2 protein chains.
Amino acid sequence: MSDQAPYREKTKTAMLAIAERIIAEEGLPAIQARRIAREADCAVGTLYNIFTSLDDLIIAVNARTLTALGDKLAEARDASKDADLAARLMALALAYLRFATVHQKPWRAVFEHHMSEGREVPAWYREAQDHLFALVEQVLADRLPDQLARRRAARALFSAVHGIVAISLDHKLGQFDAAETEAQVRFIVGAASRGLAQAD
Amino acid sequence: MSDQAPYREKTKTAMLAIAERIIAEEGLPAIQARRIAREADCAVGTLYNIFTSLDDLIIAVNARTLTALGDKLAEARDASKDADLAARLMALALAYLRFATVHQKPWRAVFEHHMSEGREVPAWYREAQDHLFALVEQVLADRLPDQLARRRAARALFSAVHGIVAISLDHKLGQFDAAETEAQVRFIVGAASRGLAQAD
């Protein structure tokens, strides 16, 4: 029994690394319990013993992606701390675009993954998501002292930039055009910033 | 031979109706060639004979969804024709939100579907997508006479609203909250409109 805990931890770490590599190289649709178990050199039952479900394993990988994205957004927030609101929002938006472009498959997996019918994402995962919005809220703090308005604006801005990046990277409007995508992000963040400066 | 064409047309129409119903009721992941053939009372080979690939059948259904969405956006454009730019953009954005909320699964299928590796969506489908952006461009015509700027702004606004609606409907930030989603759409379109009025 005393050997079980280290084996379990070691296998968990190995499975996470395998799932992370598969998502990075091939994307979420390539994730299969059987394949991960085989590459980790154990039975499929062991995977379900450790992670309960494939959802839990995917969420663990997606949480790492959220953390990495949060680190980049926090860098942009810190690097722009002496700039005006428009420049700070732009710095965050361009950091988001850059992250999504460089880590396209893991980033896409965060939005592509849906829990199996009837299951909810765990609270700790939701907190990891909220942390991203909080970064935008911090930048808006001076302009929007009201908490509800700030929260709403942060989510709207985040989602707006996400929509532009997602549709562009999806080639939904033709081939991906990095310069055009950046120009669209600059347009929406610029216009919204001017609008925000004027509001009330 | 003379009976083949009517049979082909009839089967095609039946398969389209079946695929449309499955997407509307169960969503894109429920689409399977075997099931559609079975419900259309023919062999799987007949499906591939008529549609070449499952992609082509899905695209045909998604094109109908784009047409229905375009009709709603055109209604909003026409109904708001005497209003100012901000009100017109808002009318289009809220029509988009309403369509996505009411026709959630078909709307989601448009964005969830990706062509098989190495295949491109046909030009006629891309034109159907462009038609949606053109509706936004028409509303921006007076404010942005420059074609490139207008095209860019239309796509950015469309994608921004799409991002808010998509993230909200995905429950990516908790349960879907219709009032909060509308408030976020109003925030981004309102701020962007004020910013647009100020631009140059």
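Here's what I pulled together on the structure shown here. (Residues numbered from 1 in each chain as written. Chains lettered and ligands numbered in written order. Predicted model: local features only at pLDDT ≥ 70, side-chain atom pairs only at ≥ 80, totals over all residues. Heavy atoms only, no water.)

**Some points on the relation of the copies chain B and chain A**
Related by rotation about an axis and a shift along that axis, the two copies of the chain form a pair.
Part 1: With an RMSD of 0.0 Å, the fit of chain B onto chain A corresponds to turning through 180° and sliding 0.0 Å along the axis. Both chain copies can therefore be described as sitting about a two-fold axis.
Part 2: Comparing contact sets, 100% of the residues at the interface of chain B also lie at the interface in chain A, consistent with an isologous, same-surface contact. (Least-squares fit on C-alpha atoms with pLDDT ≥ 70 in both. Contact = heavy atoms within 4.5 Å.)

**Some remarks on the interface of chain B and chain A**
By a widely used convention, the size of an interface equals the accessible area lost when the partners come together.
Part 1: Facing 39 residues of chain B, the contacting portion of chain A comprises 39 residues.
Part 2: In this assembly, chain B packs against chain A so that about 3300 Å² is buried in total across both faces, 61% of it on carbon and sulfur atoms.
Part 3: Inspection of the chain B/chain A interface yields 2 salt bridges.
Part 4: Note that E180(B) is salt-bridged to R152(A), the shortest N-O span being 2.7 Å.
Part 5: Put simply, chain B and chain A have 6 residue pairs in polar contact (both at pLDDT 80 or more) between them.
Part 6: Within the residue set of the side of chain B that touches chain A, elements represented by two or more residues are helix 6 (104-112), helix 7 (123-140), helix 8 (147-169) and helix 9 (178-198) of chain B.
Part 7: The class makeup of the residues in the side of chain B that touches chain A is 17 nonpolar, 12 polar and 10 charged. (Buried area = accessible area lost by both parts, 1.4 Å probe. Salt bridge = Lys/Arg side-chain N within 4 Å of Asp/Glu carboxyl O. Polar contact = N/O pair within 3.5 Å; in protein donor to acceptor, adjacent residues only side chain to side chain. Helix = DSSP H or I, 4+ residues; strand = E, 2+ residues; numbered from the N terminus. Nonpolar A, V, L, I, M, F, W, Y, C, P; charged D, E, K, R; others polar.)

**So, the packing of aromatic side chains**
Aromatic ring pairs are reported here in terms of the distance separating the ring centres and the angle at which the planes meet.
Residues and elements named next belong to chain B.
Part 1: On inspection of all chains with the given rule, the structure shows 10 aromatic pairs over all chains.
Part 2: Measuring from ring centre to ring centre gives 6.0 Å for W124 and Y125, while their planes differ by 85°; the resulting arrangement is edge-to-face.
Part 3: Under the relative-accessibility criterion, W124 is labelled partly exposed at 45%.
Part 4: Plain terms: the ring middles of F133 and F158 are 4.8 Å apart, the flat faces sit at 65° to each other, and that makes the pair edge-to-face. (Phe/Tyr/Trp six-rings, centres within 6.5 Å; stacked < 30°, edge-to-face > 60°. Buried < 20%, exposed > 50% of the residue type's maximum accessible area, 1.4 Å probe, protein only.)

**Focus: the pattern of salt bridges**
Residue and element names in this part refer to chain A.
Part 1: One pass over the structure, following the stated rule, counts 26 salt bridges over all chains.
Part 2: For R21, the salt bridge is made with E25, and the minimal N-O distance between the two is 3.8 Å. Of this pair, R21 and E25 both sit in helix 1 (residues 4-26), 4 residues apart, which is roughly one turn of the helix.
Part 3: Taking relative accessible area as the criterion, R21 reaches 34% and is therefore assigned partly exposed.
Part 4: Via salt bridges that share partners, R21, E25, E26, R35 and E39 belong to a single interconnected network.

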